[in-house]
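Listed below are the residues making up each chain.
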Amino acid sequence: MDALASTLRPAPLTGLRVLDLSRVLAGPWAGQMLADLGADVVKVEQPGRGDDTRSWGPPYLKDEDGRDTAEAAYFQCANRNKRSLCIDLAAPEGQALVRQLAAEADVLLENFKLGGLKQYGLDAASLLALNPRLVYCSITGFGQDGPYAARAGYDFLIQGMGGLMSITGVPDGQPGAGPQKVGVAQTDILTGLYATIAVQAALAERERSGLGQHIDLALLDVQVAALGNQAANYLCGGKVPQRMGNAHPNIVPYQDFPTADGDMILAIGNDGQFSRFCAIAGHPEWAQDERFATNPQRVAHRATLIPLMRQATVMRTTAEWISAFEAQAVPCGPVNRIDQVFADPQVVARGLKVEMPHPTAGTVALVANPVRLSGSPVQYRLPPPLLGQHTDEVLQQWLGLDGGQIDGLRERKVV
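Residues numbered from 1 in each chain as written. Predicted model: local features only at pLDDT ≥ 70, side-chain atom pairs only at ≥ 80, totals over all residues. Heavy atoms only, no water.

1. Concerning the sheet that holds strand S10 (residues 262-267)
Reasoning step 1: Taken in spatial order, the 3 strands line up as S9-S10-S11 in an open sheet, and their pairing is antiparallel. In the strand order of this sheet, the two ends are held by strand S9 (254-259) and strand S11 (332-334), each with one partner. Direction aside, neighbouring strands of the sheet carry axes that sit 30° apart on average.
Reasoning step 2: Across the sheet, helix H13 (residues 302-313) lies against S9 and S10, angled at about 40° from S9, the strand it touches most. (Pairing = 2+ DSSP bridges. Helix = DSSP H or I, 4+ residues; strand = E, 2+ residues; numbered from the N terminus. Axes fitted to C-alpha atoms, helices over the stretch in contact; angles between N-to-C directions. Contact = heavy atoms within 4.5 Å.)

Next comes the structure, spelled out in structure tokens:
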């Protein structure tokens, strides 16, 4: 063992027990974050079916002979480091088992529709009465109150309702104009991250009060919060933000530009960077032009400046521009396909692709957790589980059930 390894401490959430009743993406994303940070996360799934995303393929993981397994790639992205436990929540014995597990848990994650767990006696009020130290995190589309509370919420729907699609896509009046969703379920992922933060905040507060609490997280709330500067632009300026393609409402030039062999991104954030760009592009006079000398002037005259820049950028290849700009600290980069992302030297150096042993596929390739902790790093302990893979193990470890008791539950189709 090297000196560094011998000084590493256990992952930050080691010893924390999390009961994950969530499905699809937002809740499981939070569960995976907690699991990566060391928590023992038990994923409760429906017997015979499991998380909906288990069947969201193709693609599926392939075995060592190149044949498809039953494991969808989608499921793999949000369920690392968890153990899978199958319980029939519709069965009274199954509900009793979940209550017993909740009594032993520190955290419970769920994303059922409003009131969906109350019929089983598994709602926040019931379980907090049973375990006052429990941090119970509910993720819904619209929250626990308000006129939309009973509605189902989906990422695509929320991207539209929450304003994101109104500022994403080609501007009106141009070919291809219209609202556009982001290419991944961004609202779900952000909600998972907010849930992770909220859970850890509630756990920190529990250290003082000794009590858990109910966390109410809504996809719509998160999407509105994540409008960031665009929301501030409206609230402060009173002007409704519009779709601008890849342009930025407050910074110019800050968008994509054509090159001799493709496209590149320029992210010029101050006047010094712009002056250096102009010199490299062969147009130092632009930096002295009163229309372009400062960012507010460039924003006001973007319709004049951007076409001039586009005429210049097509004269060299992407690689030539990037080499020249990087040498003078002008922020720039290529527009990579995802295969190019994972081949990028920086991505490779940072180890953002990890491979783990998998019981049916041999190995599974996953995206690494981006959190870097020097003393208690993320650990990759378990691949995304097979359905019900850890049922016996969890019931033995969390509840102390023996083999005969578990066999009985299985015969009665409770697990």
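2. Section: the pattern of salt bridges
Pairing is possible between side chains that carry opposite charge, provided their charged atoms lie close to one another.
Reasoning step 1: Evaluated as defined, the whole model comprises 20 salt bridges.
Reasoning step 2: Residue Asp-51 pairs with Lys-43 through a salt bridge whose shortest N-O separation is 2.9 Å.
Reasoning step 3: The network of salt bridges with common partners includes Asp-40, Arg-83 and Glu-393. (Salt bridge = Lys/Arg side-chain N within 4 Å of Asp/Glu carboxyl O.)

3. A look at the side chain of Asp-123
Reasoning step 1: With respect to the element layout, Asp-123 can be found in the loop between strand S6 (107-110) and helix H5 (124-130).
Reasoning step 2: Buried charge Asp-123 goes without a salt bridge, the closest partner of opposite sign being Lys-118 at 5.7 Å.
Reasoning step 3: Those residues in contact with Asp-123, other than ones at most four positions away along the chain, are Leu-117, Lys-118 and Tyr-136. (Buried < 20%, exposed > 50% of the residue type's maximum accessible area, 1.4 Å probe, protein only. Lys, Arg positive; Asp, Glu negative; His and termini not counted.)

4. Quick notes on the sheet that holds strand S1 (residues 17-20)
Reasoning step 1: Here 6 strands make up an open sheet; going across it, the order is S5-S2-S1-S6-S7-S8 and the pairing parallel. Every interior strand has two partners, whereas the edge strands, strand S5 (82-86) and strand S8 (213-218), have only one. Each neighbouring strand pair of the sheet contributes to a mean axis angle of 20°, computed without reference to strand direction.
Reasoning step 2: Both strand S7 (residues 135-140) and S8 contribute to a ladder of 6 bridges, which runs parallel. The partner of Ser-138 across the bridge, within S8, is Asp-216.
Reasoning step 3: Its contacts with the sheet put helix H17 (residues 391-399) on S1, strand S2 (40-45) and S5, and the angle it makes with S5 is roughly 95°.

5. Some points on the environment of Gly-178
Reasoning step 1: Secondary-structure assignment places Gly-178 in the loop between helix H6 (155-161) and helix H7 (186-209).
Reasoning step 2: Taking the relative accessible area as the measure of exposure, Gly-178 reaches 15% and is therefore buried.
Reasoning step 3: With 106 residues separating them in the primary sequence, Gly-178 and Pro-284 have C-alpha atoms 37 Å apart.

6. Brief notes about the packing of H17 against helix H18 (residues 403-411)
Reasoning step 1: Contact geometry of H17 with H18 gives a least axis separation of 10 Å together with a crossing angle of 130°. Taken together, H17 and H18 sit at an angle that is classed as oblique. Note on packing geometry: the crossing formed by H17 with H18 is right-handed. Across from Thr-391, Asp-392, Leu-395 and Gln-396 in H17, the residues of H18 making contact are Ile-406, Leu-409 and Arg-410.
Reasoning step 2: Across the contact of H17 with H18, the residue classes tally to 3 nonpolar, 2 polar and 2 charged. (Parallel < 35°, antiparallel > 145°, perpendicular 65-115°, else oblique. Left-handed = near helix turned anticlockwise from the far one by under 90°. Nonpolar A, V, L, I, M, F, W, Y, C, P; charged D, E, K, R; others polar.)

7. Points about a nonpolar patch on the surface
Reasoning step 1: Taken together, Tyr-148, Tyr-154, Leu-157 and Met-161 make up a surface patch of nonpolar side chains, about 400 Å² in accessible area.
Reasoning step 2: Among the structural elements, Met-161 can be located in helix H6. (Patch = residues over 30% accessible without salt bridge, like charges linked within 9 Å, V, L, I, M, F, W, Y side chains within 5 Å. Areas by Shrake-Rupley, 256 points an atom, 1.4 Å probe, with all protein chains shown as cover.)

8. Points about unusual backbone geometry
Reasoning step 1: The peptide bond linking Pro-58 to Pro-59 adopts the cis configuration, its omega dihedral lying at 5°.
Reasoning step 2: Within the fold, Pro-59 resides in the loop between S2 and strand S3 (60-62).
Reasoning step 3: Note the cis peptide between Val-252 and Pro-253, where omega equals -5°.
Reasoning step 4: Residue position: Pro-253 is located in the loop between helix H9 (228-237) and S9.
Reasoning step 5: The phi angle at Val-24 is positive, at roughly 70°, despite the residue not being glycine.
Reasoning step 6: With respect to the helices and strands, Val-24 occurs in the loop between S1 and helix H2 (26-36).

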